[in-house]
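# Analysis of the macromolecular model
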Amino acid sequence: MSKAIKLVSPNFSDLLTPNIEIGKFPDGDSHVRIPQLAECRGKEVIVFHRLYPKQNTALVALLLILDSLKQEKAKVTVAAPYLPYARQDKKKLDGEVASAHTVCNLIARAGCKKFVTFDCHFLNQEGLTTFGELSIENISMGHDLIEYAKTIFGDGPFEIIGPDAGANYLVEKRGGKAMKKVRKEYEDGRIDYRHIETLDGEFEVKGKNVLLLDDMISTGNTMIRALEKLAEAGAKRICCAAIHGLFLYNCLDKIRKFSDCIFATDTIENSQAAVSIKDKLLALGA
Ligand code: R5P
């Protein structure tokens with residue numbers, strides 16, 4: 001991979017130097033230009049491109065990049081730290097699209113030989129795997145977030161709790177426990193969100209510091225429910241951390257009311273990014 005040609009999208013400019021141009025025509029169509037395209041012929045290429053925010057536009061841009069490289073017969077790895085649609089890997093309703101499969105298949109069919117991502121929601125483990133037609137390398141930032149928490153708690157002891165069973169793989173092998181979350185069914189007329197019905201777990205946190213660690217904070221509802229439980233159980237200081245910080249609907253303000261600190265990685269650009277994926281990107285040959 002070290003000899004691969006690196007193509008960097010403008011939406012990675014906080015971490016790497018872009019060399020692809022992505023813009024928009026007046027009607028909103030995406031316009032992509034890869035000045036080094038001819039050099040990529042038959043070569044190994046790694047494309048660094050974020051797929052969030054504006055995931056639909058970002059996905060189309062990626063497909064345009066991949067198809068151009070396919071025509072050049074390049075062998076392409078994509079590094080996209082956050083995979084959108086990853087929470088839609090199962091069907092709950094008749095006729096519902098399992099979008100995670102569709103998105104992965106589209107990326108594979110457009111010519112991606114390997115997709116490198118971080119803490120992909122439906123995988124729950126690190127390493128190489130195949131999902132649909134896509135070959136995925138999943139890297140975890142869980143250890144890095146826990147190391148950062150040590151600097152906040154001043155090297156004193158702290159419990160690690162996951163607010164959801166999906167966070168099991170992040171917390172269990174570090175002696176932590178995950179809560180269990182049950183969502184309601186879709187409400188009539190509102191099929192795009194399933195509210196949380198219950199969220200609870202068995203833990204002993206009275207008088208203890210706690211790191212509440214999840215793969216992502218989206219609406220923040222999961223964190224807030226978990227924070228309430230920890231406060232009821234008498235936790236001392238609580239820090240919230242997530243790999244992917246989407247922080248929708250001003251949920252940061254609400255989370256701050258119940259917690260002592262909030263931090264995330266920079267898989268997505270966000271105001272709470274305290275731990276960087278940059279070294280792991282450099283290890284890929286960035
Ligand atoms: C569970 O499915 C995930 O691990 C997260 O707990 C969830 O996606 C967070 O979403 P929100 O912030 O909207 O509760």
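Here the structure is shown first, and the text comes after it.
The notes below deal with the structure included here. (Residues numbered from 1 in each chain as written. Predicted model: local features only at pLDDT ≥ 70, side-chain atom pairs only at ≥ 80, totals over all residues. Heavy atoms only, no water.)

### Re helix H2 (residues 99–109)
Among all positions in H2, only Ser99, Ala100, Val103, Cys104, Asn105, Ile107 and Ala108 are buried. Those residues of H2 hidden inside the fold are in contact with helix H1 (55–71), strand S6 (112–118), strand S7 (127–131) and strand S8 (134–139). (Buried < 20%, exposed > 50% of the residue type's maximum accessible area, 1.4 Å probe, protein only. Helix = DSSP H or I, 4+ residues; strand = E, 2+ residues; numbered from the N terminus. Contact = heavy atoms within 4.5 Å.)

### Quick notes on the state of the cysteines
Applying the stated criterion to the full structure yields one disulfide. Here cysteine 239 engages in a disulfide with cysteine 261; their sulfurs sit 2.1 Å apart. Taking the torsion about the S-S bond as the criterion, the cysteine 239 to cysteine 261 disulfide, at about 120°, is right-handed. Of the two residues, cysteine 239 sits in strand S14 (residues 238–245) while cysteine 261 sits in strand S15 (residues 261–265), which places them 22 residues apart along the sequence. (Disulfide = S-S within 2.5 Å.)

### A word on the side chain of glutamate 72
Along the polypeptide, glutamate 72 turns up in the loop between H1 and strand S5 (75–79). The contact partners of glutamate 72, leaving out residues within four places of it in the chain, are Leu37, Cys40, Arg41 and Gly42.

### Structural notes on the environment of arginine 33
Structurally, the position occupied by arginine 33 is in strand S3 (residues 30–33). A C-alpha to C-alpha distance of 37 Å links arginine 33 and histidine 143, two positions 110 residues apart in sequence. Not counting residues within four places of it along the chain, the set of residues in contact with arginine 33 comprises Ile20 and Glu21. Of note is the side chain of arginine 33, whose polar atom sits 2.8 Å from the side chain of glutamate 21. (Polar contact = N/O pair within 3.5 Å; in protein donor to acceptor, adjacent residues only side chain to side chain.)

### Looking at the site of the ligand
In the region of the ligand, 13 residues are neighbours, and Asp214, Asp215, Ser218, Thr219 and Thr222 sit closest. Between threonine 222 and the ligand, the recorded distance is 2.5 Å, taken from a side-chain N or O atom to an oxygen atom. Considered on its own, the ligand offers 380 Å² of accessible surface; in the complex 94% of this is hidden by protein. With respect to the pocket detection grid, the ligand is positioned in the largest pocket. (Near = heavy atom within 4 Å. Areas by Shrake-Rupley, 256 points an atom, 1.4 Å probe, with all protein chains shown as cover. 1 Å grid on protein atoms, 1.4 Å probe; cavity = no way out; pocket = protein on both sides within 12 Å on 5 of 7 lines; lining within 4 Å. Sits in = over half its atoms within 2 Å of the grid points.)

### Considering the packing of H1 against H2
Direction vectors running N to C along H1 and H2 enclose 25°, while the axes themselves pass 9 Å from each other. Relative to H2, the element H1 is oriented roughly parallel. Facing Leu59, Leu62, Leu63, Leu66 and Lys70 of H1, the residues of H2 in contact are Val103, Leu106, Ile107 and Arg109. (Axes fitted to C-alpha atoms, helices over the stretch in contact; angles between N-to-C directions. Parallel < 35°, antiparallel > 145°, perpendicular 65-115°, else oblique.)

### Quick notes on helix H3 (residues 142–152)
Among all positions of H3, only Gly142, Leu145, Ile146 and Ala149 are buried. Within H3, the buried residues cover an arc of 100° as seen down the axis, which keeps them to one side. Among the structural elements, strand S9 (159–162), helix H4 (168–171), strand S13 (210–217), S14, S15 and strand S16 (273–275) are those in contact with the buried residues of H3. Following H3 by one or two positions, glycine 154 has its phi on the positive side, about 60°. (Arc of directions from axis to C-beta.)

### Thoughts on the sheet that holds S6
Strand order in this open sheet of six strands is S1-S4-S5-S6-S8-S7, and the pairing throughout is mixed. The open sheet has two edge strands with one neighbour each: strand S1 (5–8) and S7. Between one strand axis and the next, the sheet turns through 25° on average, direction left out of account. Across five bridges, the pairing between strand S4 (residues 44–48) and S5 is parallel. Looking at S5, one finds that valine 45 is bridged to valine 76. (Pairing = 2+ DSSP bridges.)

### Let's talk about unusual backbone geometry
The step from tyrosine 52 to proline 53 runs through a cis peptide bond, and the omega angle for that step is 0°. Along the polypeptide, proline 53 turns up in the loop between S4 and H1. Phi is positive for lysine 73, which is not a glycine, with a value near 60°. Along the polypeptide, lysine 73 turns up in the loop between H1 and S5. Given the relative accessible area of 58%, lysine 73 is considered exposed. Here the phi dihedral of asparagine 124 falls at roughly 60°; this positive angle occurs in a residue that is not glycine. Looking at the secondary structure, you find asparagine 124 in the loop between S6 and S7.

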